[in-house]
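Structural overview
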Amino acid sequence: MSEYVLNGKESLGIEFGSTRIKAVLIDENCSPVAFGGYNWENSLKDGIWTYPLSQAWEGLQTAYEELNEDVFKKTGEYITSLSSIGFSAMMHGYLPFDKDGNQLAEFRTWRNTITAQAAEELTELFKFNIPQRWSIAHLYQAILNGEEHVKDISFLTTLAGYIHWKLSGEKVLGIGEASGMFPIDCSTKDYNVEMLSEFSVIEKVERQPWNIRDILPKVLLAGDNAGCLTEEGAALLDKSGRLKAGIPMCPPEGDAGTGMVATNSITERTGNVSAGTSIFSMVVLEKPLKKVYEEIDIVTTPTGSDVAMVHCNNCCTDLDYWVNIFAEFAKASGNDMPKYKIYDLLYEAALGGDADCGGLVNINYFSGEPVSHTDDGRPMFLRSQNSVFNLPNFFRAQIYSTMSTLKIGMKFLEDEGVKIDRLMGHGGLFKTPVVGQKLMAGAMNAPVSVMGTASEGGAWGMAVLAKYATENEKTLEDYLNEKVFASCKSSTIQPDMKDVEGFEKYMKTYVAALEAEKAAYKNI
């Protein structure tokens, strides 16, 4: 690895996830060789889920510095140059700037459910589903709200686009990330011109001093040149000043796109499930869906193919809180254990639970869920008097709750006859071997595979996209199959019919319990 560092042959991928900023360095063979990270959490400020951008820069610099120290420990050298760099982040959201580059409003993340009116009106106008978390929904809602800053917008982007812009000077986005800002026309690989026109002639939009097309980032495909690291960008990334400017940068992408790359799921009839703070499935379509579904987003792969996405705001957050309770108990009892061991114990206990959780049900909502038509969240555990209340059933219900809302959305794809040859799992839910994979296979009634690279996640996928930008003689599909995943091992678990039937029974209780959830957030 030392000669690679000296020759600058590595590629760097950094992803701004919901709870962790991850940095991964890969060698010429796309193998990860060094790592860095930084933990952060969103906060609910004045009714809006947000992160301060100052913390984004602190996290970026800390993650890079940690990665650089990892390189030094392994080679005795610090990074001075790289072959390429790529940045990704949690998709969608709202980051508006004025003509001088000043931030005009707080960063509004994917987690917010404050744009229902805008999303509904735009979906009706376009005859195309516009989810609440999309940038165009946030923009239109700000217009409907009469927010003062709207008239001053000169540039609207996402977190990934913002970081890339500040490091390269380029106002661009990868097409997968751009498809979470405004609908994409896959035939032109650009924003849908007809919908841009329809949006522009809305009366309240016409009054604005800007045109929607002029304030959106330019759309790029995987492999396109997205500029280079500037002197200012190098100083922002590496506080030590060692990193040289001029390094090529690939188009910034969203975490959905990097998840597809990290699981080699960008060809038709392939899909993946990303399960962490949020959970979402991505299925690459053979043909357009027959109907418009509020529960299904149509986005794209990093190469511009249509993808059906079911995105749910809540996944492992509530489960993590319960694990913390067990960790506190273990410590209080004099059996202080590493947290990963507690996770493993609880996950493995869940395998011994009843397939339907014995009548227990958990709703893991910290925020609203458009897929299940809930406007807010109150984490809630329910059981009847005759439920089988034991540890295996309790924790199985916790794991089931992480995927229950996803199941509601995936049912629409089943009804459409969408075929999935392979469903890949990645993210925190799959860290403990077998358990999350087995229960997901039963929940989705489909084989679920996990690759050896799954734990590296989107930051590794972003590094691969950065490497591909310098080696793009082949299609991305061929590049992944022939170079990146040619020798990659994976494990596949087929659905157990007991799990399938048990989860279906659990879902009936879960859906009925959503009425209690709605009552809870309305009254508590």
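Structural data are supplied above this passage.
Residues numbered from 1 in each chain as written. Predicted model: local features only at pLDDT ≥ 70, side-chain atom pairs only at ≥ 80, totals over all residues. Heavy atoms only, no water.

Moving on: the overall build of the protein chain. Across its full length, the protein chain holds 18 helices and 22 strands. For 524 residues, the compact-globule formula gives about 24 Å, and the C-alpha radius of gyration of the protein chain, at 22 Å, lands near that figure. Overall, the protein chain is about 65 × 60 × 45 Å in size when its C-alpha atoms are taken along their principal axes. Of the contacts made within the protein chain by residues no fewer than 6 positions apart, 73% connect residues no fewer than 24 positions apart. In the structure as shown, the protein chain presents an accessible area of about 20,600 Å², 49% of it carried by carbon and sulfur atoms. Put simply, the protein chain has 47 plus and 70 minus side-chain charges, and the middle of one group is 3 Å from the middle of the other. (Helix = DSSP H or I, 4+ residues; strand = E, 2+ residues; numbered from the N terminus. Rg over C-alpha atoms; globule rule 2.2 N^0.38 Å. Contact = heavy atoms within 4.5 Å. Areas by Shrake-Rupley, 256 points an atom, 1.4 Å probe, with all protein chains shown as cover. Lys, Arg positive; Asp, Glu negative; His and termini not counted. Charge placed at Lys NZ, Arg CZ, Asp CG, Glu CD.)

Our focus in this paragraph is the packing of aromatic side chains. Applying the stated rule across the entire model yields 28 aromatic pairs. With centroids separated by 6.3 Å and ring planes inclined at 50°, the aromatic side chains of Phe128 and Trp134 adopt a geometry described as tilted. An aromatic cluster is present here, built from Trp57, Phe97, Phe155, Tyr162 and Trp165 joined pairwise through their rings. Directly above the aromatic system of Phe155 lies the positively charged group of Lys171, at a separation of 4.9 Å from the ring centroid. (Phe/Tyr/Trp six-rings, centres within 6.5 Å; stacked < 30°, edge-to-face > 60°. Lys NZ or Arg CZ within 6 Å of the ring centre and 35° of its normal.)

Now for the pattern of salt bridges. Any two side chains of opposite charge can pair, given that their charged atoms come close. Applying the stated criterion across every chain, the model contains 23 salt bridges. Note that Arg108 is salt-bridged to Glu147, the shortest N-O span being 2.8 Å. Of the two residues, Arg108 is situated in the loop between strand E7 (95-97) and helix H3 (116-126) and Glu147 in the loop between helix H4 (135-144) and strand E8 (155-157); the sequence distance between them amounts to 39 residues. On the basis of relative accessible area, Glu147 is assigned to the partly exposed category, the value being 22%. Linked through salt bridges whose partners overlap, the residues forming this network are Glu106, Arg108 and Glu147. (Salt bridge = Lys/Arg side-chain N within 4 Å of Asp/Glu carboxyl O. Buried < 20%, exposed > 50% of the residue type's maximum accessible area, 1.4 Å probe, protein only.)

The next point concerns the sheet that holds strand E15 (residues 279-284). Taken in spatial order, the seven strands line up as E16-E17-E15-E14-E20-E21-E22 in an open sheet, and their pairing is mixed. Here the strands that pair on one side only, and so sit at the sheet edges, are strand E16 (297-300) and strand E22 (490-493). Each strand of the sheet is rotated relative to its neighbour by a mean of 30°, with strand direction disregarded. For strand E14 (residues 270-275) and E15, the ladder comprises five bridges, and the chain directions are antiparallel. (Pairing = 2+ DSSP bridges. Axes fitted to C-alpha atoms, helices over the stretch in contact; angles between N-to-C directions.)

Moving on: the sheet that holds strand E3 (residues 32-39). Reading across from one edge, E3-E2-E1-E6-E13 is the order of the five strands in this open sheet, with mixed pairing throughout. Edge positions in the open sheet fall to E3 and strand E13 (253-254), since each of these has one partner strand only. With six bridges joining them, strand E1 (residues 11-16) and strand E2 (residues 20-26) adopt antiparallel strand pairing. Within the sheet, the bridge partner assigned to Phe16 lies in E2 and is Ile21. Where helix H5 (residues 159-168) meets the sheet, it contacts E1, strand E6 (84-89) and E13, and its direction lies at approximately 145° from that of E6.

As a further point, take unusual backbone geometry. Of note in this structure, Lys127 is not a glycine but carries a positive phi near 55°. Mapped onto the elements of the fold, Lys127 is located in the loop between H3 and H4. Judged by relative accessible area, which is 54%, Lys127 ranks as exposed. For Lys189, which is not glycine, the phi dihedral falls at a positive 55°. By the element assignment, Lys189 lies in the loop between strand E10 (184-185) and strand E11 (190-191).

A few words on the nonpolar core. Counting 67 residues, the largest nonpolar core has Leu139 and Phe199 as the members making the most contacts within it. For this core, the element with the most residues is helix H16 (residues 457-468), which contributes eight residues. Apart from the residues lying within four places of it in its own chain, the contact partners of Phe199 are Leu122, Leu125, Phe126, Ile136, Leu139, Tyr140, Ile143, Phe182, Val205 and Ile212. Residues Cys316, Val371, Leu439 and Ala520 belong to the second largest nonpolar core, which totals 57 residues. (Core = buried A, V, L, I, M, F, W, Y, C linked by side-chain atoms within 4.5 Å.)

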